[in-house]
Amino acid sequence: MRYEILIAGRGGQGVVLAGVIIGYAAIISGLNAAQSQSYGPEARGGKVRSEVIISDGPVGYPKVRRPNLLVTLSQEAYEAYIDSLQEGGILIYDEDLVKPERAGRAAGRYPIPATRMAEELGLRLSANMIILGAITSLSGVLRPEAVEEAIRRRVRRHLEINLKAFRMGLEYGERLKGD
Amino acid sequence: MSRRLDVLTGVHFVQGDIACAEGAIAAGCRFFAGYPITPSSEIAQHMAVRLPQVGGIYLQMEDEIASIAAVIGASWAGLKAMTATSGPGFSLMQENIGYAYMTETPCVIVDVMRGGPSTGQPTKPGQQDVMQAKWGSHGDYEVIALSPASVQEMFDLTIEAFNLSETYRCPVILLADEVIGHLREKLIIPEAEEIEVVERRRPEDLEGYKPFQPGEDLVPPMARLGEGFRLYITGLTHDEAGRPRASSPEAQGRLVRRLCDKIRLNRHRIVKFEEHYLEDAEIVVIAYGLPYRSALPAVEEARRRGIRAGIYRPITLWPQAEERLREIGERAHRVIVLEMNYGQMLREYQRWIDPDRIVFSPSFGEAIPTPEGVLGLIKRCMR
């Protein structure tokens, strides 16, 4: 099994941390994972992507080529990566930030107003945790308990709000799956 | 589980840079002086947090010249010492790296390579310093440089680097790249007792000690400053007592030969490599560091398709297993060399392998080789 996840957006959206937590959750689950990120020299606002590969064997090539699951949190990221999605892959996007003109090869398209939901929670920065919940639900490769454990170990500030955001994302993902 | 603060036994999910710092501490490193630079900054950052926890010293220096100078001083004061940098900082360090070779000062220099020349591409990977690692400082000397290809190896090979450095009394260079430095993967830190740690050989008694008088392995035992030994340490050519011999051709010949020979004659003990599917390989891929991670899946896929492909990966970039590479070159129809530069180690391989059989595939910046790309190269060589 080799499952590739690509999360792309802008600096400051928590894109990197979301990838780190997925990778850590995989390690907690006894799987292997490789996570990397790519960004320019800017601290905020620049293009950012976080890549995670989850594997039950050794991870050879450590970069994502054809993601099974793609998350886009900016229009720019959507345009840049939609065509890399694997046939039958999953697309998750923030519906307030991305207008998906074409679905690419996606079998499932899942809009989620993550940033708006996070703002309603009172912590805009927890949008990445909502996305993380949706990824956990829609990919089905990790148990929610393992991801929660990874959040507990990796997130220090506002842990309770972040966990709440994660669970909201999880439920939202389940509802989207049902539709 | 071990409760030791210096060896964090257990399973971790960390960046290569962090694994490197933890490897250093597990190997006994207690001094770090550095000037942060992408993509190596996490090493300095982590050392700043971790060294005080284990009774070590972290110094933030004003630049890389001062960093390597402080590391050399700390090593003579008896500590295992390290610095970490990237291309531009590695360039600045070169003169003092030569001083460390000349004064036979054990230390570890980590270069997490990015794109160059000059400032180049700070956040993108490269393997553009592999020749600088060998020839960066002036004069004749032989170096030891290691090339990690995973987060686990950032830990393991940093320990190896310290052990080699202590064994041969010379700087050892860890040549990583941005992707491996920033990649997060599973890191397993074993129990402290399972980690082999080498300490420099020390003189037995004060009487008659000469700091540059070698043992049978051509390596002199090393005293610590302040222990009562008379130490004369200079970058000038010196005799076995350390006294300058700036005009004597005999002294120059004796010292330079020994500085080189202690590595050359121990090469079989130092060299590390791994190889797969070479028994009947018609096409051999040579790749080190990150490109090895692209090449191995490609070679495995080629095998599944009935192509007799194999792979050779140098782990020590300096020195390398010349004899083995000559053998490989004689048997293979084609040798594909992958590097994240425009042809550096290639020149070494051209000395050992018929250049007409070599296919060179450079890559630049973020456009690292992919398994599909390497498989394509292998297939083209079959035609």
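Residues numbered from 1 in each chain as written. Chains lettered and ligands numbered in written order. Predicted model: local features only at pLDDT ≥ 70, side-chain atom pairs only at ≥ 80, totals over all residues.

A few points about the overall build of chain A
Piece 1. Regarding its fold elements, chain A presents six helices and six strands.
Piece 2. Counting from the amino terminus, helix and strand elements in chain A follow one another as β-α-β-β-β-α-β-β-α-α-α-α.
Piece 3. When its C-alpha atoms are laid out on the principal axes, chain A stretches across 40 × 40 × 40 Å.
Piece 4. Within chain A, buried positions represent 53% of all 179 residues.
Piece 5. Restricting to contacts in chain A with at least 6 residues of sequence separation, those with at least 24 account for 57%. (Helix = DSSP H or I, 4+ residues; strand = E, 2+ residues; numbered from the N terminus. Buried ≥ 20, exposed ≤ 12 C-beta atoms within 10 Å, placed from the backbone. Contact = placed C-beta atoms within 7 Å.)

Side note on the packing of helix α3 (residues 64–76) of chain B against helix α4 (residues 87–102) of chain B
Residue and element names in this part refer to chain B.
Piece 1. Running from amino to carboxyl end, α3 crosses α4 at an angle of 30°, the nearest separation of the two axes being 8 Å. What the angle tells us is that α3 and α4 run roughly parallel. Crossing hand, α3 versus α4: right-handed. Facing α3, whose interface residues are E64, I65, I68, A69 and I72, α4 presents G89, L92, M93, N96, I97, Y99 and A100. (Axes fitted to C-alpha atoms, helices over the stretch in contact; angles between N-to-C directions. Parallel < 35°, antiparallel > 145°, perpendicular 65-115°, else oblique. Left-handed = near helix turned anticlockwise from the far one by under 90°.)

A few points about the environment of M47(B)
All names here are of chain B.
Piece 1. Positionally, M47 belongs in helix α2 (residues 41–53).
Piece 2. Taking the number of C-beta atoms within 10 Å as the measure of exposure, M47 has 28 and is therefore buried.
Piece 3. Sequence spacing of M47 and R30 is 17 residues, and the spatial spacing of their C-alpha atoms is 9.3 Å.
Piece 4. Setting aside residues no more than four positions away along its own chain, M47 makes contact with A21, F32 and Y58.

Some thoughts on the environment of L142(A)
Residue and element names in this part refer to chain A.
Piece 1. Here L142 lies in the loop between α4 (127–139) and α5 (144–154).
Piece 2. For L142, a count of 23 C-beta atoms within 10 Å translates into the label buried.
Piece 3. A sequence separation of 113 residues divides L142 from S29, and the C-alpha atoms of the two residues are 7.7 Å apart.

Some details on the nonpolar core
Piece 1. Counting residues in hydrophobic clusters, the biggest one holds 175 residues, and the most contacted among them are I21(A), I92(A), I130(A) and V285(B).
Piece 2. Two domains each donate at least three residues to this core, and these are domain 1 (10–194) and domain 2 (272–382) of chain B.
Piece 3. When sequence neighbours within four positions are dropped, the list of residues in contact with I21(A) reads L132(A), V147(A), A150(A), I151(A) and R154(A). (Core = buried A, V, L, I, M, F, W, Y, C linked by C-beta atoms within 7 Å. Domains from an automatic or database assignment.)

Quick word on the sheet that holds strand β12 (residues 309–314) of chain B
Residues and elements named next belong to chain B.
Piece 1. Taken in spatial order, the five strands make up an open sheet running β10-β12-β11-β14-β15, and their pairing is mixed. Every other strand in the sheet has two partners, leaving β10 (273–276) and β15 (358–362) as the edge strands with one partner each. The mean angle between the axes of side-by-side strands here comes to 15°, regardless of whether they run parallel or antiparallel.
Piece 2. The strands that helix α12 (residues 345–352) touches are β11 (283–286), β14 (334–339) and β15; relative to β14, the one it contacts most, it runs at about 160°.
Piece 3. This element, helix α13 (residues 371–382), spans β11, β12, β14 and β15 of the sheet and lies at about 155° to β14. (Pairing = 2+ DSSP bridges.)

Quick word on the pairing of strand β9 (residues 184–189) of chain B
Across a regular strand the side chains alternate sides, sitting on one face of the sheet and then on the other.
Piece 1. Taken across its six residues, β9(B) has five buried, putting it largely inside the fold.
Piece 2. In this sheet, β9(B) lies alongside strand β2 (residues 32–39) of chain A in antiparallel orientation, the contact comprising two bridges. Pairing of A34(A) across the sheet is with E185(B), part of β9(B).
Piece 3. When strand β1 (residues 10–15) of chain B meets β9(B), the two strands line up antiparallel, connected through six bridges. Across the sheet, Q15(B) pairs through a bridge with R184(B), a residue of β9(B).

Brief notes about the confidence of the model for chain B
Piece 1. Averaged over every residue, the pLDDT of chain B is 97; residues scoring 70 or more account for 99%.
Piece 2. Interface confidence for the predicted complex, expressed as ipTM, amounts to 0.93; the pTM equals 0.95. (pLDDT = per-residue confidence, 0-100.)

Remarks on the interface of chain A and chain B
Piece 1. Across the boundary between the two partners, chain A contributes 20 residues, which contact 18 residues of chain B.
Piece 2. Broken down by secondary-structure element, the contributors of at least two residues to the side of chain A that touches chain B are α1 (15–28) and β2 of chain A.
Piece 3. For the side of chain A that touches chain B, the element with the highest residue contribution is β2(A), accounting for eight residues.

Comments concerning the packing of α1(A) against α4(A)
All names here are of chain A.
Piece 1. Orientation of α1 relative to α4, taken along the N-to-C sense of each, is 40°, at an axis distance of 9 Å. The orientation of α1 relative to α4 falls into the category oblique. Of the two possible hands of crossing, α1 and α4 adopt the one that is right-handed. Contact residues: V15, L17, A18, I21 and I22 in α1; N128, I131, L132 and I135 in α4.
Piece 2. Residue classes in the contact of α1 with α4 are distributed as eight nonpolar, one polar and no charged. (Nonpolar A, V, L, I, M, F, W, Y, C, P; charged D, E, K, R; others polar.)

Remarks on helix α1 (residues 16–26) of chain B
Piece 1. Counted residue by residue, α1(B) has eleven buried out of eleven residues, so it is predominantly covered.
Piece 2. Two residues or fewer past α1(B), G28(B) is found with a positive phi of approximately 105°.

A few points about unusual backbone geometry
Piece 1. Here the residue pair T38(B) and P39(B) is connected by a cis peptide bond, since its omega of 5° sits within 30 degrees of zero.
Piece 2. Considering the arrangement of structural elements, one finds P39(B) in the loop between β2 (29–34) and α2.
Piece 3. Of the consecutive residues G116(B) and P117(B), the connecting peptide bond is found in the cis state with omega at 0°.
Piece 4. Here P117(B) lies in the loop between β5 (107–115) and β6 (121–125).
Piece 5. The phi dihedral of H158(A) is positive, around 55°, even though this residue is not glycine.
Piece 6. One can find H158(A) in the loop between α5 and α6 (159–178).

Some remarks on the sheet that holds strand β3 (residues 47–55) of chain A
Piece 1. Here we have eight strands laid out as an open sheet, ordered β6(A)-β5(A)-β4(A)-β1(A)-β3(A)-β2(A)-β9(B)-β1(B), and mixed in their pairing. Every interior strand has two partners, whereas the edge strands, β6 (108–112) of chain A together with β1 of chain B, have only one. Neighbour-to-neighbour, the strand axes of the sheet open up by a mean angle of 20°, direction not taken into account.
Piece 2. As paired strands, strand β5 (residues 90–94) of chain A and β6(A) are joined by five bridges and run parallel to one another. Of the residues in β6(A), the one forming a bridge with L91(A) is R109(A).

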